[in-house]
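Coordinate inspection notes
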Amino acid sequence: MALAQSSSLKKTYYFFMLKSFLIWTFTLAVCLLVVGFPLVVLMATFGSLLSIVLQSVIPVSAVLLVVGSIITINVLAVVFGAGILTLKGIHPKEVSWLNWLHGEADTLHTSVYAACPLTCELKQ
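Residues numbered from 1 in each chain as written. Predicted model: local features only at pLDDT ≥ 70, side-chain atom pairs only at ≥ 80, totals over all residues. Heavy atoms only, no water.

1. Thoughts on the environment of valine 78
For clarity, the cut-off: Secondary structure is summarised from DSSP: a helix means a run of H or I of at least four residues, a strand means a run of E of at least two, and numbering begins at the N terminus for each.
Structurally, valine 78 can be placed in helix α3 (residues 62–87). Separated by 53 residues in the primary sequence, valine 78 and threonine 25 place their C-alpha atoms 6.2 Å from one another.

2. Focus: the packing of aromatic side chains
The following threshold applies: Each Phe, Tyr or Trp ring, with Trp reduced to its six-membered ring, pairs with another whose centre is within 6.5 Å; inter-plane angles below 30 degrees give stacked pairs, above 60 give edge-to-face pairs, and intermediate values give tilted ones.
In the structure shown here, the tally under the stated rule is two aromatic pairs. An angle of 55° between the planes, with centres 6.0 Å apart, marks the rings of tyrosine 13 and tyrosine 14 as tilted.

3. Remarks on the UniProt feature "transmembrane region" (unreviewed entry) in the chain
Convention followed: UniProt positions are given in the numbering used here, feature names are shortened, and annotations may be inferred rather than shown by experiment.
UniProt records the feature "transmembrane region" (unreviewed entry) for residues 21–54 and 60–87 in the present numbering. Split by type, residues 21–54 is 94% helix and 0% strand. Its first and last C-alpha atoms lie 37 Å apart. Span residues 60–87 is 93% helix and 0% strand, its end C-alpha atoms 41 Å apart.

4. Quick look at the packing of helix α2 (residues 37–55) against α3
Helix-helix packing is described using two parameters, namely the angle between the two axes and the distance between the axes. Cut-off, in case you're wondering: Note on geometry: axes are C-alpha line fits, over the in-contact stretch for helices, and angles between N-to-C directions span 0 to 180 degrees. Handedness of a helix crossing follows the sense of rotation of the near helix relative to the far helix, less than a right angle counterclockwise being left-handed and clockwise being right-handed. It only takes one pair of heavy atoms within 4.5 Å for two residues to be counted as in contact. Classification used: nonpolar for Ala, Val, Leu, Ile, Met, Phe, Trp, Tyr, Cys and Pro, charged for Asp, Glu, Lys and Arg, polar for all others including Gly.
Interhelical geometry of α2 versus α3 gives an angle of 150° and a closest axis separation of 8 Å. In the packing of α2 onto α3, the handedness of the crossing is right-handed. Each of Met43, Gly47, Leu50, Ser51, Leu54 and Gln55 in α2 lies in contact with α3, whose residues at this interface are Ala62, Val63, Leu65, Val66, Ile70 and Asn74. When grouped by side-chain class, the residues that make up the contact of α2 with α3 number eight nonpolar, four polar and no charged.

5. Quick word on the confidence of the model for the chain
Convention followed: Each residue gets a pLDDT score, which is the predictor's confidence in that residue and runs from 0 to 100.
Summary statistics for the chain give a mean pLDDT of 81 and a share of 76% for residues scoring 70 or more. Across the chain, α3 holds the top mean pLDDT of 92, while helix α4 (residues 116–119) sits lowest at 62.

6. Side note on the side chain of threonine 27
Applicable threshold: Relative accessible area decides the class of each residue, using a 1.4 Å probe on protein chains only: under 20% of the type maximum gives buried, over 50% gives exposed, and in between gives partly exposed. By the criterion applied in these results, polar contacts are pairs of N or O atoms within 3.5 Å in which, for protein atoms, one can donate a hydrogen and the other can accept it, and in which residues neighboring in sequence qualify only through two side-chain atoms.
Among the secondary structure elements, threonine 27 is positioned in helix α1 (residues 2–34). We classify threonine 27 as buried; its relative accessible area is 0%. Among the polar contacts made by the side chain of threonine 27, one reaches the main-chain carbonyl oxygen of isoleucine 23 at a distance of 2.8 Å.

7. Overview of α2
Test applied: Given a helix with a known number of residues, its expected span is that number minus one, times 1.5 Å. When we speak of the arc, we mean the arc of directions from the helix axis to the C-beta atoms.
Taking 1.5 Å per residue as the helical rise, α2 with its 19 residues ought to reach 27 Å, and the 27 Å between its terminal C-alpha atoms agrees with that figure. Among the residues of α2, those classed as buried are Met43, Gly47, Ser51 and Leu54. Looking straight down α2, one finds that the buried residues subtend no more than 70° of arc, so they occupy a single side. For α2, the exposed residues set more than 90 degrees away from the buried face come down to Pro38, Leu42, Phe46, Leu49, Ile52 and Val53. Close packing links the buried residues of α2 with α3.

As structure tokens, then:
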């Protein structure tokens with residue numbers, strides 16, 4: 001009986017670890033694309049310059065080599081970061097700035113409409 005319960009707990013634990021890893025992978029990829037846009041522009045500039053330089057050395061596959069290297073480095077950075085955060089036990093629901101990820105509304109900012117100062121205080 002104890003063996004069946006412990007294997008069930010291990011399966012549940014592995015499921016939650018996999019779920020956390022996939023959520024972190026998605027979150028870090030989105031953050032790289034959205035927030036890291038200047039970094040992406042710098043990588044593209046560096047990659048094009050490196051491709052031009054390598055064109056004289058490797059005329060056939062310089063562009064393929066540079067683009068493949070840049071994409072591989074980005075994917076490995078996202079997967080490695082997600083793995084570290086998952087192994088440390090940090091779940092995305094515990095991070096305060098990820099409220100957009102799990103659908104919680106930001107209660108610090110309330111909407112003020114243009115007509116509100118005229119109509120909000122009216123009592124009938």
